[in-house]
Amino acid sequence: MSSNNDNMKSAMTIIGVSGSVYIAVKMSWFRKNPFHVFSGKTGAMSKSLVDAGIQSYNAFFEQEDGKGVGTKIVSTPDFVNKFYSLITDFYEYGWGESFHFAAREKGESFEKSIIRQELAIAENIGLKPGMNVLDLGCGVGGPMRNIVQGTGGKVTGITINEYQVGRCETLNKAAKLDHLTEIIQGNFMDLTKVFKDRKFDGAYAIEAACHASNTQALYEQVFAVLKPGASFASYEWLRTDKYDPTNKTHVDIVDGIAEGNALPEVRTIEDCIQAAKGAGFEVTLTFDRATTGGVPWQQAMKSARRAAYLTHLMTGLLEFIGFAPKGTQAVHTMLLKAAVNLEKSGDLGIFSPMYLIVMKKPLSA
Ligand SMILES: C[S@@+](CC[C@H](N)C(=O)[O-])C[C@H]1O[C@@H](n2cnc3c(N)ncnc32)[C@H](O)[C@@H]1O
């Protein structure tokens with residue numbers, strides 16, 4: 001037993017230390033593509049901008065209790081983009097190529113549960129070979145790669161973050177999936193401008209619509225770029241019916257989730273259903289996937305916590321000796337706070353990161 005504990009401690013130490021070195025290196029030397037100077041693009045946040053980036057992000061998030069970011073909501077796409085420039089490397093290292101949670105069965109591996117979660121949403125929209133669907137907020141493309149491999153359908157991803165586009169292209173090529181995937185940098189609040197007259201056979205969003213400045217406005221954009229009869233499914237980050245707005249603990253936890261994850265506000269189940277109907281969709285299924293699976297969704301984060309604390313100490317040390325850019329530890333602090341609040345919300349059942357809502361564009365539309 002004690003040798004098992006020792007092995008576990010050694011594994012966590014190795015993960016924590018190697019994690020911080022990996023992140024320090026990624027945040028320092030490989031982030032800025034020098035050729036972007038000629039193209040006029042900025043690439044990911046350069047080393048010198050990390051500190052200012054996290055400070056301005058933190059300042060942005062002075063929210064009124066339980067009310068979200070208020071009038072600053074109009075700048076949502078900018079601060080979400082800044083957030084992903086800061087944290088994409090952390091997510092990829094700590095979580096993998098898919099940036100979402102999963103309902104895991106007992107005895108099932110984390111990776112398998114992630115793929116099952118992704119194939120389930122593809123099934124909800126009936127993705128089959130010969131169809132081309134949209135992935136809203138596609139991250140670095142972990143879900144799209146698993147979905148095209150699992151279904152044979154084609155996926156076009158959109159993300160607001162330029163750094164993610166580069167990572168996604170590299171990973172799609174490495175997986176030899178270029179012929180079934182496409183990735184576009186753009187704002188999903190402007191789909192009609194990005195895609196003009198192009199129409200899709202379906203659409204899905206995995207833990208991404210929570211970043212929309214307005215859910216109905218986003219759903220209206222999706223509606224407009226879908227063919228009649230096509231379906232849209234989204235895993236939403238929502239307050240559940242157990243959330244009590246008069247309970248200070250509940251309010252603080254959900255505000256902490258918003259701040260640590262760049263959400264302008266955290267909506268309710270009813271808000272989303274109304275948004276879908278308001279956009280013209282028929283709501284065909286609503287279901288909290290967080291209530292399924294033998295392992296609570298927040299368990300994955302609890303397991304990673306010891307390694308995360310060590311990574312935290314190491315990022316501070318590497319920043320102090322000048323190896324990691326200034327601000328690296330502050331970014332990690334924000335992510336640790338987010339993780340702790342997500343865990344608490346799951347334990348209390350006041351929040352779901354995978355509330356599934358499936359909608360259909362009427363054939364007559
Ligand atoms: C939590 S990540 C999920 C990524 C991906 N769905 C996955 O599961 O791996 C949220 C994603 O939404 C994207 N996003 C947020 N706001 C966006 C916007 N206004 N337009 C396009 N993408 C956006 C982010 O860039 C990020 O890729």
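Let me begin by describing the structure that accompanies this report.

How each quantity is defined
- Residues numbered from 1 in each chain as written.
- Predicted model: local features only at pLDDT ≥ 70, side-chain atom pairs only at ≥ 80, totals over all residues.
- Heavy atoms only, no water.
- Helix = DSSP H or I, 4+ residues; strand = E, 2+ residues; numbered from the N terminus.
- Buried < 20%, exposed > 50% of the residue type's maximum accessible area, 1.4 Å probe, protein only.
- Contact = heavy atoms within 4.5 Å.
- Areas by Shrake-Rupley, 256 points an atom, 1.4 Å probe, with all protein chains shown as cover.
- Near = heavy atom within 4 Å.
- Polar contact = N/O pair within 3.5 Å; in protein donor to acceptor, adjacent residues only side chain to side chain.
- Nonpolar A, V, L, I, M, F, W, Y, C, P; charged D, E, K, R; others polar.
- Phe/Tyr/Trp six-rings, centres within 6.5 Å; stacked < 30°, edge-to-face > 60°.
- Lys NZ or Arg CZ within 6 Å of the ring centre and 35° of its normal.
- Salt bridge = Lys/Arg side-chain N within 4 Å of Asp/Glu carboxyl O.
- Expected span 1.5 Å × (residues − 1).
- Bend = angle between axes of the 7 residues up to and from the residue.
- Patch = residues over 30% accessible without salt bridge, like charges linked within 9 Å, V, L, I, M, F, W, Y side chains within 5 Å.
- Right-handed = clockwise from strand over helix to strand, strands pointing away.
- Axes fitted to C-alpha atoms, helices over the stretch in contact; angles between N-to-C directions.
- Parallel < 35°, antiparallel > 145°, perpendicular 65-115°, else oblique.
- Left-handed = near helix turned anticlockwise from the far one by under 90°.

## As for the overall build of the chain
Helix and strand counts for the chain stand at 13 helices and eight strands. A total of 365 residues make up the chain; the buried ones form 55% of that total. Contacts in the chain between residues at least 24 apart in sequence constitute 80% of all its contacts with a sequence separation of at least 6. Looking at the chain as shown, the accessible area adds up to about 16,000 Å², and 57% of this sits on carbon and sulfur atoms.

## Some remarks on the site of the ligand
Contacts to the ligand come from 19 residues, most closely from Phe99, Gly137, Thr159, Gln164 and Phe188. Contacts to the ligand include glycine 186, whose backbone N or O atom sits 3.5 Å from a nitrogen atom. With respect to the ligand, the side chain of asparagine 187 contributes an N or O atom lying 2.8 Å from a nitrogen atom. Taking 590 Å² as the accessible area of the ligand by itself, protein coverage stands at 98%. A breakdown of the residues in the shell around the ligand according to their chemical character gives nine nonpolar, nine polar and one charged.

## Some words on the packing of aromatic side chains
Applying the stated criterion across every chain, the model contains 16 aromatic pairs. Judged by centre distance (5.5 Å) and plane angle (85°), the rings of tryptophan 237 and phenylalanine 351 are edge-to-face. Pair noted here: tryptophan 237 is in strand β5 (residues 226-239) and phenylalanine 351 is in strand β8 (residues 351-360), with a separation of 114 residues, a long-range link. For the pair tryptophan 237 and phenylalanine 351, one class covers both residues: buried. Feature note: the residues Tyr57, Phe79, Phe83, Tyr84, Tyr91 and Phe99 constitute an aromatic cluster, connected by ring pairs. In this structure, arginine 239 packs its charged tip against the face of tyrosine 243, placed 4.9 Å from the ring centre. Lying over the aromatic face of phenylalanine 223, lysine 361 brings its terminal NZ or CZ to 4.7 Å of the ring centre.

## Let's talk about unusual backbone geometry
If you check the backbone angles, lysine 176 has positive phi at about 55° while not being a glycine. As for its placement among the helices and strands, lysine 176 is situated in the loop between α7 (162-174) and β3 (181-185). In this structure, lysine 196 is a non-glycine residue whose phi angle is positive, near 45°. With respect to the element layout, lysine 196 can be found in the loop between α8 (191-195) and β4 (200-206).

## Digging into the environment of phenylalanine 60
Following the sequence through the fold, phenylalanine 60 ends up in helix α3 (residues 50-60). Phenylalanine 60 sits in the buried class, given a relative accessible area of 14%. Note: C-alpha distance between phenylalanine 60 and glutamate 259 (199 residues apart in sequence) is 9.2 Å. Residues contacting phenylalanine 60, with those up to four places away along its chain left out, are Val69, Lys72, Ser75 and Phe79.

## Considering the pattern of salt bridges
This structure, assessed with the given rule, holds ten salt bridges. We note a salt bridge from lysine 326 to aspartate 51, for which the minimum N-O separation is 3.3 Å. Linking lysine 326 in the loop between α12 (299-320) and α13 (328-348) with aspartate 51 in helix α3, this pair joins segments that are 275 residues apart in sequence. Judged by relative accessible area, lysine 326 falls into the exposed class, the value being 56%. The structure contains a network of salt bridges with shared partners spanning Asp65, Lys248 and Asp252.

## Structural notes on the environment of alanine 217
With respect to the element layout, alanine 217 can be found in helix α9 (residues 215-225). Assessed through its relative accessible area of 28%, alanine 217 is described here as partly exposed. Sequence spacing of alanine 217 and alanine 279 is 62 residues, and the spatial spacing of their C-alpha atoms is 7.6 Å.

## Quick notes on helix α6 (residues 142-151)
With eight of ten residues buried, α6 lies mostly within the body of the structure. Three or more residues of α6 are buried, namely Gly142, Pro143, Met144, Arg145, Asn146, Ile147, Val148 and Thr151. Turning to α6, the residues buried within the fold contact α5 (110-124), β1 (132-136), β2 (154-159), α7, β3 and β4. Taken from the residues just after α6, glycine 152 is the one with a positive phi, measuring 80°.

## Some words on helix α4 (residues 76-94)
Compared with an ideal rise of 1.5 Å per residue, which puts 19 residues at 27 Å, α4 spans 25 Å between its outermost C-alpha atoms and is within 8% of the ideal. The sharpest bend along α4 reaches about 50° and sits at isoleucine 87. Glycine 96 sits one or two residues past α4 and shows a positive phi near 125°.

## Comments concerning a nonpolar patch on the surface
Where nonpolar side chains cluster on the molecular surface, the patch consists of Leu317, Phe320 and Ile321 and spans about 380 Å² of accessible area. Note that leucine 317 resides in helix α12.

## Let's talk about the pairing of β4
Counting buried positions along β4 yields seven of seven residues, so the element is predominantly enclosed. For the segment spanning β4, α9 and β5, crossover handedness is right-handed.

## Concerning the packing of helix α10 (residues 248-261) against α13
Between α10 and α13, whose axes approach to 8 Å, the crossing angle comes to 140°. By the angle between their directions, the pair α10 and α13 is classed as oblique. As α10 packs across α13, the resulting crossing turns out to be left-handed. In this structure, α10 uses His250, Asp252, Ile253, Gly256, Ile257, Glu259, Gly260 and Asn261 to contact α13, whose residues at the interface are Met334, Leu335, Ala338, Asn341, Leu342, Lys344, Ser345 and Leu348. A class-by-class count of the residues in the contact of α10 with α13 yields seven nonpolar, six polar and three charged.

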